[in-house]
Amino acid sequence: MVTQQVRVGAVLEPRVLEVLGQVRREAFAPAAYRSLAFADTAIPLGDGQHMMTPQVEGRVLQALEIAPTDRVLEIGTGSGFLAACLARLGAHVTSLEIRPGLADAARRALREAGARNCDVLVADAFAWQPAAAFDCIAATGSLPAGDLPFREWLAPGGRAFAPAGGGPPRGGGVVRGGGPAPRHGRAARAARRGRRVHLPVPVRDRARSPGPCAPAGALRLLTVAGPRPGAATRPAS
């Protein structure tokens, strides 16, 4: 999967590739679709939900630049595969799933995968409130148009990644909060060049989202101003 599906999608971060090679994706796919676990297709999970493709999952993990000390929030557990990868990259993952059946299946798969630092909660993200801020937020379902509605849940230096709508891919862009531009990573490089970051990958609508949605298939990366706690800084060039 890593060679055929992920590397060709411009996912080259070594830690991300290592994790994608370690976590058994087929263990998170429904039994009837395990033979397709590594195919470039959105595998049905039931109730109109789908697993994201390996390429999309790799891009999400790479874009978030997760540090080993990061607290991560996932909105839309789905199969639990992305949560398992997030748990290997970060310190702790809280994953929200509105559908109890999917949450139960994901918990079992995560337990069997040894992801002890991941909690799956049955909750509607639009009604849930966290006890503390997160360093990273990965939203796997479509969200209303405009800025990511969960920006206040991000800690200083936090990053969030979200699809906007379902349907054909239409690229995406970097959005950041007020204040100084990010110093490192793809968001910083894009800001310096004054360009959008294009992420032409298919995304399936997997979450309930009130209100109008942004253009179908768009992927958005949001960064919040301020350095990560403990991160080294250097003068801007």
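Everything quoted here is computed from the prediction, not taken from an experiment.

Let us now look at the overall build of the protein. A tally of helices and strands in the protein yields six helices and nine strands. Scored against the burial criterion, the 237 residues of the protein give a buried share of 51%. The contacts of the protein with a sequence gap of at least 6 include a subset with a gap of at least 24, amounting to 69%. For the protein, the accessible area works out to roughly 10900 Å², and carbon and sulfur atoms hold 53% of it.

Another aspect to go through is the side chain of threonine 94. Note on placement: threonine 94 falls in strand S4 (residues 92-97). Taking relative accessible area as the criterion, threonine 94 reaches 9% and is therefore assigned buried. Here threonine 94 is in contact with Val72, Leu73, Glu74, Asp119, Leu121, Trp128 and Phe134, once residues within four sequence places are set aside.

Next up on the list: helix H5 (residues 100-112). Its 13 residues give H5 an end-to-end C-alpha distance of 19 Å, which sits within 8% of 18 Å, the value for a rise of 1.5 Å per residue. Among all positions of H5, only Leu102, Ala103, Ala106, Ala109 and Leu110 are buried. Looking straight down H5, one finds its buried side chains confined to an arc of 130°; they lie on one side. Facing away from the buried side of H5 by more than 90 degrees, the exposed set consists of Gly101 and Glu112. On its buried face, H5 is in contact with strand S1 (44-46), strand S2 (49-50), helix H4 (81-89), S4 and strand S5 (118-122).

Judged by nonpolar contacts, the single largest core of 39 residues is most densely connected at Phe28, Leu61, Leu64, Ile66, Leu86, Leu110 and Cys118. Secondary structure elements with two or more residues in this core: helix H2 (14-22), helix H3 (54-64), H4, H5, S5 and strand S6 (134-139). With eight residues, H4 is the single largest residue contributor to this core. When near neighbours in sequence (up to four residues on either side) are disregarded, phenylalanine 28 contacts Val23, Met51, Ser79, Gly80, Phe81, Ala84, Ala109, Leu110 and Ala113.

Now for the packing of H2 against H4. The N-to-C vectors of H2 and H4 enclose an angle of 130°; their axes lie 10 Å apart at closest approach. Accordingly, the angle class assigned to the pair H2 and H4 is oblique. Considering the relative orientation of H2 and H4, their crossing is right-handed. Contact residues: H2 offers Arg15, Val16, Val19, Leu20 and Gln22, while H4 offers Phe81, Cys85, Arg88 and Leu89. Classifying every residue of the contact of H2 with H4 gives six nonpolar, one polar and two charged.

Here we come to the layout of surface pockets. Volume-wise, the second largest pocket comes out at about 240 Å³. Around the second largest pocket sit 15 residues that line it, and Ala27, Phe28, Ala29, Ala105 and Ala109 are the ones nearest its centre. With six residues, the single largest contributor to the lining of the second largest pocket is H5.

Cut-offs and rules
Residues numbered from 1 in each chain as written. Predicted model: local features only at pLDDT ≥ 70, side-chain atom pairs only at ≥ 80, totals over all residues. Heavy atoms only, no water. Helix = DSSP H or I, 4+ residues; strand = E, 2+ residues; numbered from the N terminus. Buried < 20%, exposed > 50% of the residue type's maximum accessible area, 1.4 Å probe, protein only. Contact = heavy atoms within 4.5 Å. Areas by Shrake-Rupley, 256 points an atom, 1.4 Å probe, with all protein chains shown as cover. Expected span 1.5 Å × (residues − 1). Arc of directions from axis to C-beta. Core = buried A, V, L, I, M, F, W, Y, C linked by side-chain atoms within 4.5 Å. Axes fitted to C-alpha atoms, helices over the stretch in contact; angles between N-to-C directions. Parallel < 35°, antiparallel > 145°, perpendicular 65-115°, else oblique. Left-handed = near helix turned anticlockwise from the far one by under 90°. Nonpolar A, V, L, I, M, F, W, Y, C, P; charged D, E, K, R; others polar. 1 Å grid on protein atoms, 1.4 Å probe; cavity = no way out; pocket = protein on both sides within 12 Å on 5 of 7 lines; lining within 4 Å. Points joined across faces, edges and corners; volume = space filled by probe spheres on them.

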